[in-house]
Amino acid sequence: MRKERKIGYKLCTVALCGALSWGGAMEAWASYGMAKGPGSIMQDYIVTIEAGSHPVYSSIDSQDTIKEAAQGDVYEVLSDQGDGWVEVQVGDNTGYILTEEDGVKVKGVDEDSQEAQAVKESLEAQQQEDISRSRRQNLVEYALQFVGGRYVAGGSDPHTGADCSGFSSYVMRHGANVSIARSSGAQSQQGVDVSADQMRPGDLVFYGNGSRVNHVAVYIGNGQVVHASTERTGIKTSPWNYRTPVRIRNVMGD
């Protein structure tokens, strides 16, 4: 179903750093008509999510979303699209937010203010977070294409068959451009430890007997992992704690 665009949007109702006249608001919004790049403030406008969650769409006329903007998120405005829509910077992509929804605020930022520096730092941090999230999601989608494939002891290519560490090393290399060791034991020594509540899609979950690692899986989110399990079950998804994990590692470098 096509997303409905709200017509007759009254620009002067949007909070733009205090009360503005209709003419002043029009001039102000015209000032950000050109993109200045991620983190650029320079008397531009930002969108702040003050309450709730709001979809960031891939285009104005599509239901496809890039992400759900959450309370506290800040986005640089790249252009005014009309009817309350603005184009915003989202990681290394662009998206579109409807600014007339409750909880969404648009405001200008003076480049010489302390607020501008704080906003710039927030934008840069959020951009890196968005890039990381997108990179990890791409890895997950790449790995999931092999579900149903064969488990082959010693195999390193899930197209023809792989064991657990052959699968994890292959999808890391080809899905995220991350090179890791071939064996699960060696992989468990790479990257940095993370706790279960810090775990993100793309982290590696290791299992074993005692402290000895003998199996590895890729966390895909929602409490699930994907892994080359056994010769009988092949490449499959499982609950991340279907066995007791002995270690969780972030090898993505973010």
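Our structure's up above, just so we're on the same page.
Residues numbered from 1 in each chain as written. Predicted model: local features only at pLDDT ≥ 70, side-chain atom pairs only at ≥ 80, totals over all residues. Heavy atoms only, no water.

A.B. asks: Explanation requested: the sheet that holds strand β13 (residues 224-230) in the structure shown.
C.D. replies: Each strand in a sheet pairs with its neighbour through backbone hydrogen bonds, running either in the same direction (parallel) or in the opposite one (antiparallel). If you walk across this open sheet you meet the six strands as β10-β15-β11-β12-β13-β14, and the pairing is antiparallel. Among the strands making up the open sheet, the edge pair consists of β10 (192-193) and β14 (234-239). Docked against the sheet, helix α3 (residues 164-176) engages β11 (204-209), β12 (212-221), β13 and β14, running at close to 40° with respect to β12. (Pairing = 2+ DSSP bridges. Helix = DSSP H or I, 4+ residues; strand = E, 2+ residues; numbered from the N terminus. Contact = heavy atoms within 4.5 Å. Axes fitted to C-alpha atoms, helices over the stretch in contact; angles between N-to-C directions.)

A.B. asks: Got a minute to help me understand the pattern of salt bridges in this structure?
C.D. replies: Should the charged atoms of two oppositely charged side chains come close, the side chains can pair. For the structure shown, the criterion picks out 10 salt bridges. When the shortest N-O distance is used, the salt bridge between Asp130 and Lys67 registers 2.9 Å. Taken together, the residues span a long stretch of sequence, with Asp130 in helix α2 (residues 114-144) and Lys67 in strand β3 (residues 65-69) at a distance of 63 residues. By the burial criterion, Asp130 is buried, and Lys67 matches it. For Asp163, the salt bridge is made with Arg182, and the minimal N-O distance between the two is 3.1 Å. Placement of the pair is Asp163 in the loop between β9 (161-162) and α3 and Arg182 in the loop between α3 and α4 (184-187), with a sequence separation of 19 residues. With relative accessibility at 11%, the residue Asp163 sits in the buried group. For Arg182, a relative accessible area of 31% corresponds to the partly exposed category. What emerges from the salt-bridge pattern is a single network uniting Lys67, Asp73, Glu129, Asp130 and Arg133. (Salt bridge = Lys/Arg side-chain N within 4 Å of Asp/Glu carboxyl O. Buried < 20%, exposed > 50% of the residue type's maximum accessible area, 1.4 Å probe, protein only.)

A.B. asks: Would you mind going over the packing of aromatic side chains with me for this structure?
C.D. replies: Aromatic rings in a pair are described by how distant their centres are and how their planes are angled relative to each other. Overall, the coordinates contain five aromatic pairs when judged by the stated rule. Aromatic pair Tyr57 and Trp85: ring centres 5.8 Å apart, planes at 70°, arrangement edge-to-face. Taken together, the residues Tyr57 in strand β2 (residues 54-57) and Trp85 in strand β5 (residues 85-90) connect sequence positions 28 residues apart. When its relative accessible area of 11% is taken as the criterion, Tyr57 is described as buried. (Phe/Tyr/Trp six-rings, centres within 6.5 Å; stacked < 30°, edge-to-face > 60°.)

A.B. asks: For this particular structure, what's the right way to read the nonpolar core?
C.D. replies: General note: in soluble globular proteins, nonpolar side chains tend to be found buried as a group. By size, the foremost hydrophobic cluster in this structure holds 25 residues, and its most contacted members are Phe146, Phe167, Val171, Met172, Leu204 and Val226. Mapped by element, the contributors of at least two residues to this core are α2, α3, β11, β12 and β13. Considering every element that reaches this core, the biggest residue donor is α3, with six residues. If we skip the residues at most four places from it in the chain, Met172 touches Leu139, Asn177, Val178, Ile180, Gly202, Leu204, Val251 and Met252. Core analysis: the second largest hydrophobic core is formed by 13 residues, Tyr45, Ile49, Val86 and Val106 among them. (Core = buried A, V, L, I, M, F, W, Y, C linked by side-chain atoms within 4.5 Å.)

A.B. asks: Could you clarify how one ought to interpret α3 in this entry?
C.D. replies: Note on helix geometry: an α-helix contains 3.6 residues per turn, so any two residues three or four positions apart are oriented the same way. Here α3 contains 13 residues, and its C-alpha end-to-end distance of 17 Å stays within 8% of the 18 Å for a straight helix at 1.5 Å per residue. Among the 13 residues in α3, 10 count as buried, and that is most of the element. Looking one or two residues beyond α3, the residue adopting positive phi is Asn177, at roughly 60°. (Expected span 1.5 Å × (residues − 1).)

A.B. asks: Quick question: what am I supposed to make of unusual backbone geometry here?
C.D. replies: Backbone geometry follows two general trends: most residues other than glycine have a negative phi, and most peptide bonds adopt the trans configuration. Of note in this structure, Asn177 is not a glycine but carries a positive phi near 60°. At Asn222, a residue that is not glycine, the phi angle is positive and equals roughly 55°. Take Asn222: it is sitting in the loop between β12 and β13.

A.B. asks: Sorry, what's going on with the pairing of β12 here?
C.D. replies: One face of the sheet, then the other: side chains in a regular strand alternate in exactly this way. With eight of 10 residues buried, β12 lies mostly within the body of the structure. Pairing of β11 with β12, which is carried by six bridges, proceeds in the antiparallel orientation. Across the sheet, the residue bridging to Phe206 is Val216, located in β12. The loop that links β11 with its antiparallel partner β12 comprises two residues; one of these, Gly210, has a positive phi angle of about 65°.

A.B. asks: Please clarify how the environment of Ala181 should be interpreted in this entry.
C.D. replies: Note that Ala181 resides in the loop between α3 and α4. When neighbours within four sequence positions are excluded, Ala181 is seen to be in contact with Ser169, Ala186, Gln187 and Gln190.

A.B. asks: Explanation requested: the side chain of His227 in the structure shown.
C.D. replies: The residue His227 is located in strand β13 in this model. For His227, a relative accessible area of 0% puts it in the buried group. Here the side chain of His227 touches His215 through a polar contact of 2.8 Å, side chain to side chain. Excluding residues within four positions of it along the chain, His227 makes contact with Phe167, His215, Val216, Ala217, Gly234, Ile235, Lys236, Ser238 and Tyr242. (Polar contact = N/O pair within 3.5 Å; in protein donor to acceptor, adjacent residues only side chain to side chain.)

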